[in-house]
Amino acid sequence: MPLLPDTGYTPTSDELASVQAWFAAYDAYSAKRDIARMADVAVFPLNLISDNSAGDGASAQWDREQFVATMTHVMGDGGDGDLTFESVRTPVFLTSAMVVVFTDSTMTTAGGETQQLRYADVLIKRNGEWAFQTMIQGGWGDNLG
């Protein structure tokens, strides 16, 4: 396991398992391209952070409608077959209600094409449930407008 920064908070095994369970459900929604369910587990306005083709940092805030429209455009509506994800996640808890999760993932289409993904998400706990509030991934900045 990589050396994690000392945030002053050490998660319990149940807290670690709850984040892994949240991502397992989210990956299942993604694999089915169930964009509405993906949106159900987000906090809006959703923060997005990326970089653009000019090499500059970029950010945006999306409401639910923009998230659904953009993710439907990017991921499709499920007509191309299921996606699968193999992911290694490294959660860094700031508190019991805030976690930054770094992900290295391989996405495979039904046709066997693969794509490597590296990203981070900020999750917050609301009413005992995790929800993502910030998505961070390089290469999308030209599309955040």
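Whatever comes next refers back to the structure up there.
Residues numbered from 1 in each chain as written. Predicted model: local features only at pLDDT ≥ 70, side-chain atom pairs only at ≥ 80, totals over all residues. Heavy atoms only, no water.

1. Some words on unusual backbone geometry
Cis rather than trans, the peptide bond between Phe44 and Pro45 has omega equal to 5 degrees. In this structure, Arg33 is a non-glycine residue whose phi angle is positive, near 55 degrees. According to the relative accessible area criterion, Arg33 is buried, its value standing at 9%. The phi angle at Asn127 is positive, at roughly 50 degrees, despite the residue not being glycine. Inspection of the secondary structure puts Asn127 in the loop between strand E5 (114-126) and strand E6 (129-136). (Buried < 20%, exposed > 50% of the residue type's maximum accessible area, 1.4 Å probe, protein only. Helix = DSSP H or I, 4+ residues; strand = E, 2+ residues; numbered from the N terminus.)

2. Considerations on helix H1 (residues 13-31)
When the terminal C-alpha atoms of H1 are compared, their 27 Å separation across 19 residues agrees well with the 27 Å that a helix rising 1.5 Å per residue should span. Within the span of H1, buried status applies to Glu15, Val19, Trp22, Phe23, Tyr26, Asp27, Tyr29, Ser30 and Ala31. In the core, the buried residues of H1 are packed alongside helix H2 (35-40), helix H3 (64-75), strand E3 (84-95), strand E4 (98-108), E5 and E6. In the stretch just after H1, Arg33 is the one whose phi turns positive, near 55 degrees. (Expected span 1.5 Å × (residues − 1). Contact = heavy atoms within 4.5 Å.)

3. Structural notes on the sheet that holds E5
Taken in spatial order, the six strands of this open sheet run E2-E1-E6-E5-E4-E3, and their pairing is mixed. For this open sheet the edge positions go to strand E2 (57-62) and E3, each flanked by a neighbour on one side alone. Neighbouring strand axes in the sheet, compared pairwise and without regard to direction, differ in orientation by 25 degrees on average. Of the strands in this sheet, E3, E4, E5 and E6 are in contact with H1, which crosses E3 at around 145 degrees. Sheet strands in contact with H3 are strand E1 (42-51), E2 and E6, and its direction is about 115 degrees off that of E2. (Pairing = 2+ DSSP bridges. Axes fitted to C-alpha atoms, helices over the stretch in contact; angles between N-to-C directions.)

4. Remarks on the nonpolar core
The biggest cluster of nonpolar side chains holds 30 residues, and the ones touching the most others in it are Trp22, Met38, Phe67 and Phe132. For this core, the elements supplying multiple residues, two or more each, are H1, H2, E1, E2, H3, E4, E5 and E6. Residue contributions to this core peak at five residues, all from H1. Look past the residues within four positions of Phe132 in its chain and what remains in contact with it is Trp22, Tyr26, Met38, Val41, Ala42, Val43, Leu46, Phe67, Val122 and Leu123. (Core = buried A, V, L, I, M, F, W, Y, C linked by side-chain atoms within 4.5 Å.)

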